[in-house]
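As a plain string of letters, each chain reads:
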Amino acid sequence: MADYKAVKVTGNVWWVGAVDWHLREFHGYRTSRGSTYNAFLVIDEKITLIDTVKAPFFEEMRSRIASVIDPEKIDYIVSNHAEMDHSGSLVRAMQEFKAEKLFCSMQGEKALRAHFHDALPELTVVKTADSIELGKNSLTFVETKMLHWPDSMISYLSGEKVLFSQDAFGMHLAGSGRFADEYCDALLYEEARKYFANILLLQSAKITDLLNTLPTLNLDIDFVAPDHGPIWRNGDHNKILSLYSEFAAQKPEKRAVVLFDTMWHSTEAMAGAIAEGLIEAGLPTEVISLHSCERSEAITRIMSAGVLAIGTPTINNNMYPSLGDMLVYMRGLKPKIAVGGAFGSFGWSGEGAKQIAEALTAMQIEQPLPPMVNKYVPDDAALENCRIWGKNLAEKLLEKINN
Ligand code: FEO
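In short, a report on the structure. In this text, all values refer to a predicted model and were calculated from it rather than measured experimentally.

Section: the overall build of the protein
Along the protein, the regular secondary structure elements total 12 helices and 21 strands. Out of the 403 residues in the protein, the part that is buried amounts to 57%. At a minimum sequence separation of 6, the contacts of the protein that also span at least 24 residues come to 73%. As displayed, the protein offers around 16,500 Å² of accessible surface, 52% of which is attributable to carbon and sulfur atoms. Across the protein, the centroid of the 39 positively charged side chains sits 1 Å from that of the 52 negatively charged ones.

Let's talk about the side chain of K194
Inspection of the secondary structure puts K194 in helix α5 (residues 185–200). The residues contacting K194, other than those within four sequence positions of it, are Y29, R30, S32, E294, S296, E297 and T300.

Quick look at a nonpolar patch on the surface
Nonpolar side chains collect at one region of the surface, where W348, Y376 and V377 lie side by side and expose about 420 Å² of accessible area between them. In this structure W348 comes out as exposed when scored by relative accessible area, which is 61%.

Observations regarding the packing of aromatic side chains
Following the criterion strictly, the structure yields 10 aromatic pairs and no others. A centroid spacing of 5.6 Å and a plane angle of 20 degrees characterise the contact between F58 and F97, whose relative ring orientation is stacked. In this pair, F58 sits in helix α1 (residues 58–66) while F97 sits in helix α3 (residues 90–97), placing the two residues 39 residues apart along the sequence. Judged by centre distance (5.0 Å) and plane angle (80 degrees), the ring pair of Y76 and F103 falls under edge-to-face.

A look at the sheet that holds strand β10 (residues 131–133)
Taken together, 5 strands build an open sheet; the order of strands is β10-β11-β12-β13-β14 and the sheet is mixed. Sheet topology places β10 and β14 (223–226) at the edges, where each strand pairs with a single neighbour. Strand-to-strand, the axes of this sheet are offset by a mean angle of 20 degrees, without reference to chain direction. Across 4 bridges, strand β13 (residues 162–166) lies against β14 in parallel orientation. Bridging from a neighbouring strand, F164 pairs with A225 of β14.

Regarding the layout of surface pockets
In this structure, the largest pocket occupies an estimated 260 Å³ of space. Taken together, 18 residues form the lining of the largest pocket, with M263, W264, T314, F346 and G347 sitting closest to its centre. For the lining of the largest pocket, the secondary-structure elements that each account for two or more residues are α8 (266–280), β18 (314–315) and β20 (339–346). Here the residues of the lining of the largest pocket sort into 8 nonpolar, 10 polar and no charged. Approximately 220 Å³ is the volume attributed to the second largest pocket. Surrounding the second largest pocket, H27, H148, N198, I199, L202, Q203, Y329, G332 and L333 form its lining. Broken down by secondary-structure element, the contributors of at least two residues to the lining of the second largest pocket are α5 and α10 (321–333). Here the lining of the second largest pocket takes 3 residues from α10, the largest share from any one element. Residue composition of the lining of the second largest pocket, grouped by class: 4 nonpolar, 5 polar and no charged.

The rules behind these values
Residues numbered from 1 in each chain as written. Predicted model: local features only at pLDDT ≥ 70, side-chain atom pairs only at ≥ 80, totals over all residues. Heavy atoms only, no water. Helix = DSSP H or I, 4+ residues; strand = E, 2+ residues; numbered from the N terminus. Buried < 20%, exposed > 50% of the residue type's maximum accessible area, 1.4 Å probe, protein only. Contact = heavy atoms within 4.5 Å. Areas by Shrake-Rupley, 256 points an atom, 1.4 Å probe, with all protein chains shown as cover. Lys, Arg positive; Asp, Glu negative; His and termini not counted. Charge placed at Lys NZ, Arg CZ, Asp CG, Glu CD. Patch = residues over 30% accessible without salt bridge, like charges linked within 9 Å, V, L, I, M, F, W, Y side chains within 5 Å. Salt bridge = Lys/Arg side-chain N within 4 Å of Asp/Glu carboxyl O. Phe/Tyr/Trp six-rings, centres within 6.5 Å; stacked < 30°, edge-to-face > 60°. Pairing = 2+ DSSP bridges. Axes fitted to C-alpha atoms, helices over the stretch in contact; angles between N-to-C directions. 1 Å grid on protein atoms, 1.4 Å probe; cavity = no way out; pocket = protein on both sides within 12 Å on 5 of 7 lines; lining within 4 Å. Points joined across faces, edges and corners; volume = space filled by probe spheres on them. Nonpolar A, V, L, I, M, F, W, Y, C, P; charged D, E, K, R; others polar.

See below:
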């Protein structure tokens, strides 16, 4: 195995995580640029490891720790989040590093026990505002339930002024740079947006709560160190906090997405005509075929769209299977969309567009117009109706935004 090195974050804090260059799937989310599992080593009188890494990366983490200290000198391990991309190495770490204590939240104790049963020793439960003294630094905990799991918490290291934020403020981005200032802003925006849309969208209100709570805690933060992607240093963390604030607000944007799949290109032709109507009404519009765009990219583009029109053919009395996949994914993440609409071509009975409309209603997405449907191949008149339907959807959004 290669000899891996730790990377200094600041003073006595080291990054000792792992880079997963080849990860392309994270519970349904296509991570096209891989990810990192960030773990951090704090050198103090009590040497402390913050989080671990996914199980197959244990040796990489150990090698990085060993480049700074003998891993058996670790006194404490903190588990900020029980999901296995961060806790997968916990049992081996406790056994092989012989740490004296393992800290987690109350929900963390339940989750870690339910994952690892008797393989873990006794856990020390901490709650919001609890602190542990490490020597020159203390570590203070804040529970952040549902960001991203019930057990989640963040930890603040005084002295070094580092906020270890676990999944919050992260992104899936593998790379040789450990710090955000080593990447261009456009790339950081793209990956932060994709991560938020696919991991945290459902918990937008909790992100807003956390962003409102942080200033009240009077934490003097110089570094935000999430468990995935780059670390924010020298005060530039306000960039990621403000991006997260923008994403969590889900304010409807003056733009439209037309999402569809097609069997014999009739629904595709309808999508094109609908897009023309939306554009004519002045909305920047994106047309997405589920043949060429997978669900995690699609949800990233859908997030905060003012108008979402979804089209499907009807196959065997149902919507097209790719739309079923997309709608199940959307239903879980609950994007807030101001104006929705369903459309589609059919040959026999035409249930597809109706099912899309029902799914949008179940997601509390307002549909001011009835579904636009067409039997078999749309002629010029049918396409003109689609164009008008798209234009009307755009006008409904503009009325809503302007009122
Ligand atoms: Fe990175 Fe919720 O795990």
